[in-house]
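The lines below spell out each chain.
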10 protein chains.
Amino acid sequence: MITDRKQVTEMILSAKVSKGLKWCDVARAVGLSKEWTTAGCLGQMTFDKQQAEVLGEIFGLSDEAVAWLQVVPYKGSLPSEVPSDPLIYRWYEVVSVYGTTIKELIHEEFGDGIMSAIDFSMDIQREENPNGDRVNVVLSGKFLPYKSY
Amino acid sequence: MITDRKQVTEMILSAKVSKGLKWCDVARAVGLSKEWTTAGCLGQMTFDKQQAEVLGEIFGLSDEAVAWLQVVPYKGSLPSEVPSDPLIYRWYEVVSVYGTTIKELIHEEFGDGIMSAIDFSMDIQREENPNGDRVNVVLSGKFLPYKSY
Amino acid sequence: MITDRKQVTEMILSAKVSKGLKWCDVARAVGLSKEWTTAGCLGQMTFDKQQAEVLGEIFGLSDEAVAWLQVVPYKGSLPSEVPSDPLIYRWYEVVSVYGTTIKELIHEEFGDGIMSAIDFSMDIQREENPNGDRVNVVLSGKFLPYKSY
Amino acid sequence: MITDRKQVTEMILSAKVSKGLKWCDVARAVGLSKEWTTAGCLGQMTFDKQQAEVLGEIFGLSDEAVAWLQVVPYKGSLPSEVPSDPLIYRWYEVVSVYGTTIKELIHEEFGDGIMSAIDFSMDIQREENPNGDRVNVVLSGKFLPYKSY
Amino acid sequence: MITDRKQVTEMILSAKVSKGLKWCDVARAVGLSKEWTTAGCLGQMTFDKQQAEVLGEIFGLSDEAVAWLQVVPYKGSLPSEVPSDPLIYRWYEVVSVYGTTIKELIHEEFGDGIMSAIDFSMDIQREENPNGDRVNVVLSGKFLPYKSY
Amino acid sequence: MITDRKQVTEMILSAKVSKGLKWCDVARAVGLSKEWTTAGCLGQMTFDKQQAEVLGEIFGLSDEAVAWLQVVPYKGSLPSEVPSDPLIYRWYEVVSVYGTTIKELIHEEFGDGIMSAIDFSMDIQREENPNGDRVNVVLSGKFLPYKSY
Amino acid sequence: MITDRKQVTEMILSAKVSKGLKWCDVARAVGLSKEWTTAGCLGQMTFDKQQAEVLGEIFGLSDEAVAWLQVVPYKGSLPSEVPSDPLIYRWYEVVSVYGTTIKELIHEEFGDGIMSAIDFSMDIQREENPNGDRVNVVLSGKFLPYKSY
Amino acid sequence: MITDRKQVTEMILSAKVSKGLKWCDVARAVGLSKEWTTAGCLGQMTFDKQQAEVLGEIFGLSDEAVAWLQVVPYKGSLPSEVPSDPLIYRWYEVVSVYGTTIKELIHEEFGDGIMSAIDFSMDIQREENPNGDRVNVVLSGKFLPYKSY
Amino acid sequence: MITDRKQVTEMILSAKVSKGLKWCDVARAVGLSKEWTTAGCLGQMTFDKQQAEVLGEIFGLSDEAVAWLQVVPYKGSLPSEVPSDPLIYRWYEVVSVYGTTIKELIHEEFGDGIMSAIDFSMDIQREENPNGDRVNVVLSGKFLPYKSY
Amino acid sequence: MITDRKQVTEMILSAKVSKGLKWCDVARAVGLSKEWTTAGCLGQMTFDKQQAEVLGEIFGLSDEAVAWLQVVPYKGSLPSEVPSDPLIYRWYEVVSVYGTTIKELIHEEFGDGIMSAIDFSMDIQREENPNGDRVNVVLSGKFLPYKSY
């Protein structure tokens, strides 16, 4: 009996290690970006029936698990408010150090409002560089203005 | 008597509002990107003597304040671990929802290590879009591998 | 020297008590809803020049304070993550008790996504009722769907 | 052996996914609003015998589980004080940003007291809108005055 | 310039010590119970004009302070979620140790609902006792039932 | 193998629901107040051999469980520092709003010291009332003075 | 205007350093143990009129400050739940490491109840020791039994 | 498979209740103080082979469990930073109320440094007393000075 | 089914105790430092195929567990933000007491930047000393400068 | 009136920036290591009379400030449990990632006990390195064994 989307995430992670799969190959099979597909497999996005069935085959999931992939999950992938993992912490640190800067510059350009984290996409790429390769990430979010009423 | 870099940040913010200045103009005068310059003015980066003097003139700062701009600050710009401001929270949410995804994809491409938040740059741009303009942000950080020893 | 929008909020609150003003009258003078106007006076919204000048006259604010009313504030009006004030706590309790219910029902109707807190309005009204008058609040937020990419 | 209402909530969620049920249909069968019924199924409200038996049939619950649906649960549906799920967070954000505004306006209209979260109802509806459909929520709570004694 | 009810509480506490006043005498002058009067003087309740003026005379308050006594305060008198003061902690401990017991017994007698903390009164008395005098406190709160809708 | 008193509490709760028992009847069988008996069954008090055996029969407990009822438990019945359950929260709110008031009035009457939560009893009663029945609770605790040494 | 006992503690600490006083000499002048006297000077105990006047003379306090020494303070001397100061942390560590041991042994000897922190005294002494002198502390607290009712 | 010292602590506690053992008897069998022995059985100290084997016989432990008793545990016996159990809380309260006092008096006698919690012993005794028996605890810790370098 | 690297860490710890292994011997077999090898076995580093297979043999792990040793783990080895274990706490204390000192001295020598915790190594050695042996630890981290852009 | 050592730390930091001093020069004048001297100037160590007077001259401090330098401070230099400053955070991360490793290896070498943070010294050096200079830090702490009693 599956009672929580997290159980499906665990099944996927277990199968991925056993079968030696790669997220980029999974994404190609599903027909979507590696960022969105991975987030979905990790329990943060909702798949439609066809996508879920493809994943079910790739990871060898039961019908019940495939059904749960189509249920909107309770989101948030971190076990603590400040993440302990060094890779993820660096992103928290960017928000901590640059948070007020990002706020000032978006408001200066757009006025009061936010950059959406829903109408949003992310693209992670390797940039070859003689001083050491770099991770380049493009975040794109729609600007949503506060309006008076 | 100035005892903390935060006092200089407050002086800058107060002068900016009174004088109606813009961060992009300040950055142009300093000769650096708007992202780094703003972060520095908000107490997150360290200016060299010449940059600090330019800022001193722009914001009408005392010599003591100009000296403090050249002192490495205690960094972190947020008043709480989870930021309450909606614009900054959306960035925290991106880390919360996509944190494990970012981790998986960088490790898949590069192996164990992190994306540096020090050898790092950020570029924030408006993208015009008929469905509503977007905020596009490019984050670039050097990949630093964990190596065994 | 004003260094923070909070100082203007304090000036407004102090003047409001001394002059015996009402939020609904302030809102009428500004020409906006009482909800948005009050939120702005309490440091959560950004006024345009004309609105700020009206408020400056009503509350007897300095030019510097009027300038700060046009600066986007760092939002969040509560002194702790769980509010101690009983009236505000009841709202926190609604989110705590009904949070997963709201989530389930919006997803059932709209699919994966959120109800915006930015493209949002709120209307608070008294409903006369023989068993004790009621507070009726209408919250309206645009549904923003998560889309795959 | 069931030792906690949460176990029944898990059984209900598991059956709902397996059987492909909808909360609005469950509510119709129980004869109550979708908001209250869903909250009850998620372990926040107490059912009477007849309601519990209807649910028992719909979800295929054991007699023991049906008995537990009639026990008052320990309420609160969120796993952390600040919810990480984006949909629920937006509601927390409304309380955070508008909390003092709601307080001011209710006190201005009613004097000192609270809007009850017990003598309370909630109605969630879709509003069709050419700019994007909206979620409209009506919250209705009895005003309870503080009285001196 | 008074910007917060807490400043008036501090004025009252300072005057109380300087003048050697007693809460029970203050309450008698105001014409209300010592519990409600003290809570109000400590910034938790709202006085009407006449009560505030009596307090203004007793504590030698300015007109501005008297006006603030008529403003609904942001409630909550403790500096931390778990109070460090031993007397107040014992009350927190009663809630911690007996919390689930109180819940069970009220539900057993009344069904699902709460004991109101708004339609509420408290009476603190000394009980003489040869084994050591006792503090007897009577708490009385209206039962508010959850009702289905 | 029972390793913790909490396991016995769960057995008792499970049996209570299955058998449809009432705390007041359990208390009568044990020969003690409903408040103390319930607290003990919920893992907050220690039973003597005879009481434990009575409970063992009522709830159908194993000898091992009966032995554990005679072991002093690690006390505290709440899963978080600020309780989320509305009924229990109202009690936390009373401590939060009236905490400093209770402190002032007990000190005014008795001097420095505390109201004991150990040499303590609690009595919960329904008070019929045409405006809605009330929960009346009498708390009685010995005053324990701080003495200099 | 003194509004809080903490202000008097600061006056005492400032005078102690300026005058080069020792707690043991202050205690001798007051006629009480060094432990209780120091705790009182640090804002944790309440002095009677005569004691307060002696302290007023020793530390050169105003009449207002002397009056505040006779007011019961809000107790708790630590700025955070887990103290950062190494000397005080070691005591926190003793509670953390030996907490359950202390609980087991007191219950084994006395049954269910507590060791009072109110009917309590503490004596700190140097023990000369060839392997390095030791701090010996005797804590004495009345055992208070839980009794059924 | 035992993966954590806590599992052995649970086995010991379970056996202790089933067999009706006393810590003082266990300590006598091991040949050490009741304080150190109990702390060790509760997972805070490390036993040598011989001691572990004695305990293995007393509590009927497997060889694997006996091996784990000789592994240094991750220490700290409390489930939360501020302990909810009243007996243990009173010790936390002593640290909270007397913490700065202990610090001042040890520094006055010894200079800067700490009282060791490692080169440390504790002795808990009953003191008969006509006003109610007392718990007397002697804590002895080596003074460790900070030295400049 | 293994779903998390922590499960492998538990298998390793269990086998280590049962087989009486030493970390320094494990490290020698793997051909790396004892510091890095132990960190990896405790779930903080990623092994390559060959290293993982050596560990699989030493600890008797399944193929699935050996595969998981090659997966980058979610790092962070402590169960709470402030560690309760005395040995680990002392390190936290060094960061707490000397944190700002380390910051000042590295900035004085190198300018703004950090000491890497990724391009990092650690060496722990015993130093024999007549006054008591010492633990000597050498931490070596690359300096990474903040650069303007 | 100085009431807290922190005020002296602020005076020192302010003078250091105004006068353009370096910690290594201050240390040379005091005659101690740069690590200990800096920690002392930042309010973490206690100076003797002669050292304090040297500092008084260097930083231009009043006699009162010089007296406070000889008072043992309340230690701990970080404003939050998890430090936000990236340089200091990396040290916190080392404790988080390597904490259990350090514990295992010290126990393997020395048995149960700790590495002292009091009988402790630290030495920070630049290591020139063609791949980028490194920060090398030697931490030396006496091993303190737990002994049974």
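Not measured: the values here are computed from a predicted model.

Once that is clear, we can look at the overall build of chain A. Scanning chain A from terminus to terminus reveals 6 helices and 2 strands. The order of α-helices and β-strands along chain A, N terminus first, is α-α-α-α-α-α-β-β. Counting only C-alpha atoms, chain A reaches 50 × 50 × 30 Å along its principal axes. Of the roughly 5400 Å² that chain A leaves accessible, carbon and sulfur atoms contribute 48%. In chain A, 15 positive and 21 negative side-chain charges are present, and the distance between their average locations comes to 2 Å.

Attention shifts here to the interface of chain F and chain E. At the junction of the two partners, chain F supplies 69 residues and chain E supplies 68 residues. Summed over both sides, the interface of chain F with chain E buries roughly 6700 Å², with 65% coming from carbon and sulfur. Ranking the residues of chain F by area buried against chain E places L87(F), Y98(F) and V135(F) at the top, with a combined share of 10%. Our enumeration of links across chain F and chain E arrives at 6 salt bridges. Its salt-bridge partner being D119(E), residue R134(F) comes within 3.0 Å of it at the nearest N-O pair. Put simply, chain F and chain E have 32 residue pairs in polar contact (both at pLDDT 80 or more) between them. Among the elements of the structure, α1 (5–19), α2 (23–30), α3 (34–41), α6 (86–110), β1 (113–127) and β2 (134–145) of chain F are those that each provide at least two residues to the side of chain F that touches chain E.

Turning our attention to a negative patch on the surface. Together, D4(A), E10(A), D4(D), E10(D), D4(F), E10(F), D4(H), E10(H), D4(I) and E10(I) make up a negatively charged patch on the protein surface. If you trace the backbone, E10(D) turns up in helix α1 (residues 5–19). According to the relative accessible area criterion, E10(D) is partly exposed, its value standing at 38%.

To continue, consider the pattern of salt bridges. Per the stated rule, a full pass over the model turns up 90 salt bridges over all chains. Of the charged contacts, one joins D112(I) and K75(B) as a salt bridge, the two residues approaching to 2.6 Å between their closest N and O atoms. Pair noted here: D112(I) is in the loop between α6 (86–110) and β1 (113–127) and K75(B) is in the loop between α5 (63–68) and α6 (86–110), and the two residues belong to different chains. For K75(B), a relative accessible area of 2% translates into the label buried. Through salt bridges with shared partners, a single network forms among E109(A), R126(B) and D133(B).

With that out of the way, let us pick up the arrangement of the chains. Regarding chain A and chain F, which are not in contact, the minimum distance between any of their C-alpha atoms is 16 Å. A gap remains between chain A and chain G, with no contact made and the closest C-alpha atoms lying 18 Å from each other.

Looking now at the UniProt feature "domain: Cyanate lyase C-terminal" (unreviewed entry) in chain A. As recorded in UniProt, the feature "domain: Cyanate lyase C-terminal" (unreviewed entry) lies at residues 77–149 of chain A. Secondary structure within residues 77–149 of chain A divides into 34% helix and 37% strand; the distance between the first and last C-alpha atoms comes to 35 Å.

Before going further, it helps to spend a moment on the relation of the copies chain A and chain B. Overlay of chain A on chain B (RMSD 0.0 Å): rotation 180°, translation along the axis 0.0 Å. Such a combination of rotation and displacement between the chain copies is what one expects of a two-fold axis. Identified as the residue of chain A closest to the rotation axis by C-alpha distance is V138(A), at 2.3 Å. Of the interface residues in chain A, 99% have counterparts in chain B that sit at the interface too, so the contact is made through matching surfaces.

Turning next to the relation of the copies chain F and chain E. Expressed as a screw transformation, the operator carrying chain F onto chain E has a rotation angle of 180° and an axial translation of 0.0 Å, and the superposed copies differ by an RMSD of 0.0 Å. Both copies share a contact surface, since 99% of the interface residues of chain F are interface residues in chain E too.

With numbering matched to this structure, UniProt assigns "active site" (unreviewed entry) to R90(A), E93(A) and S116(A). Here R90(A) shows up in helix α6 (residues 86–110). Among the residues examined, R90(A) registers a relative accessible area of 2% and is labelled buried. Excluding its chain neighbours within four sequence positions, the residues that come into contact with R90(A) are I114(B), M115(B), A117(B), I118(I), R90(J) and E93(J). Position of E93(A) relative to the elements: it lies in helix α6.

Because an α-helix completes one turn every 3.6 residues, residues spaced three or four positions apart along the sequence face the same direction. Within the sequence span of helix α2 (residues 23–30) of chain C, burial applies to W23(C), V26(C), A27(C) and V30(C). Considered in projection along α2(C), the buried side chains sweep an arc of 100° and stay on one side of the axis. Its buried side turned inward, α2(C) meets α1 (5–19), α3 (34–41) and α4 (49–59) of chain C together with α6 (86–110) of chain D. Positive phi shows up at G31(C), right after α2(C), with a value of about 85°.

Here the focus is the sheet that holds strand β2 (residues 134–145) of chain B. Adjacent strands of a sheet form backbone hydrogen bonds with each other and so pair up, either parallel or antiparallel. On the basis of which strands lie adjacent, the open sheet formed by 4 strands has the order β1(A)-β2(A)-β2(B)-β1(B) and antiparallel pairing. Across the chains shown, the open sheet's two edge strands, defined by having one partner strand only, are β1 (113–127) of chain A together with β1 (113–127) of chain B. Each adjacent strand pair in this sheet contributes to an overall mean axis angle of 20°, direction not counted. The pairing of strand β2 (residues 134–145) of chain A with β2(B) spans 9 bridges and is classified as antiparallel. Of the residues in β2(B), the one forming a bridge with N136(A) is S140(B).

Here we take up the pairing of strand β2 (residues 134–145) of chain C. All names here are of chain C. Of all the 12 residues making up β2, 10 are buried; the element is thus mostly covered by neighbouring parts of the structure. Relative to β2, strand β1 (residues 113–127) is paired through 11 bridges, and the arrangement is antiparallel. Its bridge partner lying in β2, I114 is registered against L144. Between the end of β1 and the start of β2, which pair antiparallel, lie 6 residues, with G132 showing a positive phi angle near 120°.

Each domain of chain A was delimited in the assignment, giving domain 1 (5–68) and domain 2 (86–145). Here domain 1 of chain A and domain 2 of chain A have C-alpha centroids that lie 26 Å from each other.

This brings us to the packing of aromatic side chains. Taken as a whole and assessed by the stated rule, the structure comprises 50 aromatic pairs over all chains. Above the ring of F110(B), the side-chain terminus of R126(A) is found at 4.1 Å from the ring centroid.

Residue placement: T101(E) occurs in helix α6 (residues 86–110). Taking the relative accessible area as the measure of exposure, T101(E) reaches 0% and is therefore buried. With residues up to four places along the chain from it excluded, the contact list for T101(E) reads E35(F), T38(F), A39(F) and L42(F). At 3.3 Å, the side chain of T101(E) forms a polar contact with the backbone nitrogen of A39(F).

What follows deals with the interface of chain A and chain B. Opposite the 69 residues of chain A that make contact, chain B presents 68 residues. Interface area, chain A with chain B, both sides summed: about 6700 Å², of which 65% is carbon and sulfur. Of all residues in chain A, L87(A), Y98(A) and V135(A) bury the most surface against chain B, accounting for 10% of the area lost on that side. Our count for the chain A to chain B interface comes out at 32 residue pairs in polar contact (both at pLDDT 80 or more). It is α6(A) that provides the largest number of residues to the side of chain A that touches chain B, a total of 24 residues. Partitioned by chemical class, the residues of the side of chain A that touches chain B number 35 nonpolar, 16 polar and 18 charged.

Criteria and thresholds
Residues numbered from 1 in each chain as written. Chains lettered and ligands numbered in written order. Predicted model: local features only at pLDDT ≥ 70, side-chain atom pairs only at ≥ 80, totals over all residues. Heavy atoms only, no water. Helix = DSSP H or I, 4+ residues; strand = E, 2+ residues; numbered from the N terminus. Areas by Shrake-Rupley, 256 points an atom, 1.4 Å probe, with all protein chains shown as cover. Lys, Arg positive; Asp, Glu negative; His and termini not counted. Charge placed at Lys NZ, Arg CZ, Asp CG, Glu CD. Contact = heavy atoms within 4.5 Å. Buried area = accessible area lost by both parts, 1.4 Å probe. Salt bridge = Lys/Arg side-chain N within 4 Å of Asp/Glu carboxyl O. Polar contact = N/O pair within 3.5 Å; in protein donor to acceptor, adjacent residues only side chain to side chain. Patch = residues over 30% accessible without salt bridge, like charges linked within 9 Å, V, L, I, M, F, W, Y side chains within 5 Å. Buried < 20%, exposed > 50% of the residue type's maximum accessible area, 1.4 Å probe, protein only. UniProt positions renumbered as here; feature names shortened; annotations may be inferred. Least-squares fit on C-alpha atoms with pLDDT ≥ 70 in both. Arc of directions from axis to C-beta. Pairing = 2+ DSSP bridges. Axes fitted to C-alpha atoms, helices over the stretch in contact; angles between N-to-C directions. Domains from an automatic or database assignment. Phe/Tyr/Trp six-rings, centres within 6.5 Å; stacked < 30°, edge-to-face > 60°. Lys NZ or Arg CZ within 6 Å of the ring centre and 35° of its normal. Nonpolar A, V, L, I, M, F, W, Y, C, P; charged D, E, K, R; others polar.

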